[in-house]
Amino acid sequence: YKVEEASLDGKSMAQHIEEAQIKFRNLCELLLDLVCNTPVPEHLRYLLKWAQDEADTKLLDGKFDTVSGILSLRFVIPALLSPNGLTAAQSRPLMRAAQALQALTQGTTLSNKEQYMSFLDVFFSSNAARYEDWRQTVISVEVKSIDELKTQIPAIPLPATSPKLVEFVTKTPELMTALKEMRP
């Protein structure tokens, strides 16, 4: 990828890179706001609580985060990667942001494997507690047994992705503006 000097608009390459990093960090913040502000259906909360309790019981170290895995891999990431009407250039930042959110939910950073993503370390460190608080809120329901769980969850299929997230991704002016500002 070669940048012509004329396309720099009088700014240095470092300034362009810094601006792009700030825009990307803001996109990640916007998407995290969406995740933390989207209500999780009560029946899904019961299921997640039960799954986390089972993992805690069977995996003695208690470090396996079932809730984050299910929510991010089954709902959040597919919603980010499936919006209609986006160009390839607009969807690329969403793919990278999905990767960043996945790392946040796992309590890791991207800079271990991809040094060029180290600018997001501040995003990870400043949002880890916020994400954990939200995760704890999601599973703050009381489930006594699997039989009780069966009575609390309606017999309806869960959507493949959260409709509210998909709607947000495709219809939020702030997000669409952020995506248009991203450079390929």
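Structure first, text after, so check above.
Owing to the predicted nature of the structure, the values given are computational and were not obtained by experimental measurement. (Residues numbered from 1 in each chain as written. Predicted model: local features only at pLDDT ≥ 70, side-chain atom pairs only at ≥ 80, totals over all residues. Heavy atoms only, no water.)

J.: Sorry if this is basic, but what is going on with the overall build of the protein here?
T.: Of regular secondary structure, the protein possesses eight helices and zero strands. The buried share among the 184 residues of the protein stands at 40%. Contacts in the protein between residues at least 24 apart in sequence constitute 71% of all its contacts with a sequence separation of at least 6. Counting every atom, the protein has about 10900 Å² of accessible surface; 57% of that belongs to carbon and sulfur. (Helix = DSSP H or I, 4+ residues; strand = E, 2+ residues; numbered from the N terminus. Buried < 20%, exposed > 50% of the residue type's maximum accessible area, 1.4 Å probe, protein only. Contact = heavy atoms within 4.5 Å. Areas by Shrake-Rupley, 256 points an atom, 1.4 Å probe, with all protein chains shown as cover.)

J.: Whenever I open this one, the nonpolar core confuses me. Can you help?
T.: Side chains that are nonpolar tend, in soluble globular proteins, to be buried together. Among the nonpolar cores identified, the biggest contains 34 residues, and Phe24, Leu71, Leu120, Phe123, Phe124 and Trp134 are the most heavily contacted of them. At the level of elements, helix H1 (13–37), helix H2 (42–58), helix H3 (66–81), helix H4 (88–106) and helix H5 (121–138) are the ones that each hand at least two residues to this core. Not counting residues up to four positions away in its chain, the partners in contact with Phe123 are Arg25, Cys28, Glu29, Leu32, Leu101 and Leu104. (Core = buried A, V, L, I, M, F, W, Y, C linked by side-chain atoms within 4.5 Å.)

J.: Where do I start with the packing of H1 against H5 in this structure?
T.: Any two packed helices are characterised by the angle at which their axes cross and by the distance between the axes. For the pair H1 and H5, interaxial distance at closest approach is 11 Å and the crossing angle is 5°. When the axis of H1 is compared with that of H5, the two are roughly parallel. For the pair H1 and H5, the contacting residues are Arg25, Cys28, Glu29, Leu32, Asp33, Val35 and Cys36 in the first and Phe123, Ser126, Asn127, Arg130, Tyr131 and Trp134 in the second. In terms of residue class, the contact of H1 with H5 is made up of seven nonpolar, two polar and four charged. (Axes fitted to C-alpha atoms, helices over the stretch in contact; angles between N-to-C directions. Parallel < 35°, antiparallel > 145°, perpendicular 65-115°, else oblique. Nonpolar A, V, L, I, M, F, W, Y, C, P; charged D, E, K, R; others polar.)

J.: Explanation requested: H5 in the structure shown.
T.: Along an α-helix, residues three or four apart share an orientation, since each turn contains 3.6 residues. Taking 1.5 Å of rise per residue, 18 residues should cover 26 Å, and H5 covers 25 Å from first to last C-alpha, within 8% of that figure. Taking the largest bend as the criterion, H5 deviates by roughly 45°, centred on Asn127. Those residues of H5 not exposed but buried are Phe123, Phe124, Asn127, Tyr131, Trp134, Arg135 and Val138. (Expected span 1.5 Å × (residues − 1). Bend = angle between axes of the 7 residues up to and from the residue.)

J.: Please clarify how the pattern of salt bridges should be interpreted in this entry.
T.: Side chains bearing opposite charge may pair, as long as their charged atoms lie close to each other. Under the definition given, this model contains four salt bridges. The salt bridge partner of Arg130 is Asp33, with a shortest N-O separation of 2.5 Å. One end of the pair, Arg130, is in helix H5; the other, Asp33, is in helix H1, and 97 residues separate them in sequence. Classification of Arg130 as partly exposed rests on a relative accessible area of 28%. A salt bridge links Asp53 to Lys49, with the nearest nitrogen and oxygen atoms 3.3 Å apart. Of this pair, Asp53 and Lys49 both sit in helix H2, separated by four residues, roughly a single helical turn. (Salt bridge = Lys/Arg side-chain N within 4 Å of Asp/Glu carboxyl O.)

J.: Just to check I follow, could you spell out the packing of aromatic side chains for this structure?
T.: The geometry of an aromatic ring pair comes down to the distance between the two centres and the angle between the two planes. Considering all chains together, one arrives at three aromatic pairs under this definition. Relative to Phe119, the ring of Phe24 has its centre 6.2 Å away and its plane inclined at 70°; by these criteria the two rings are edge-to-face. Within this pair, whereas Phe24 is found in helix H1, its partner Phe119 is found in the loop between H4 and H5, the two being separated by 95 residues in sequence. Comparing Phe24 with Phe119, the two get one shared label, buried. (Phe/Tyr/Trp six-rings, centres within 6.5 Å; stacked < 30°, edge-to-face > 60°.)

Any functional reading would require information that these geometric values do not contain.
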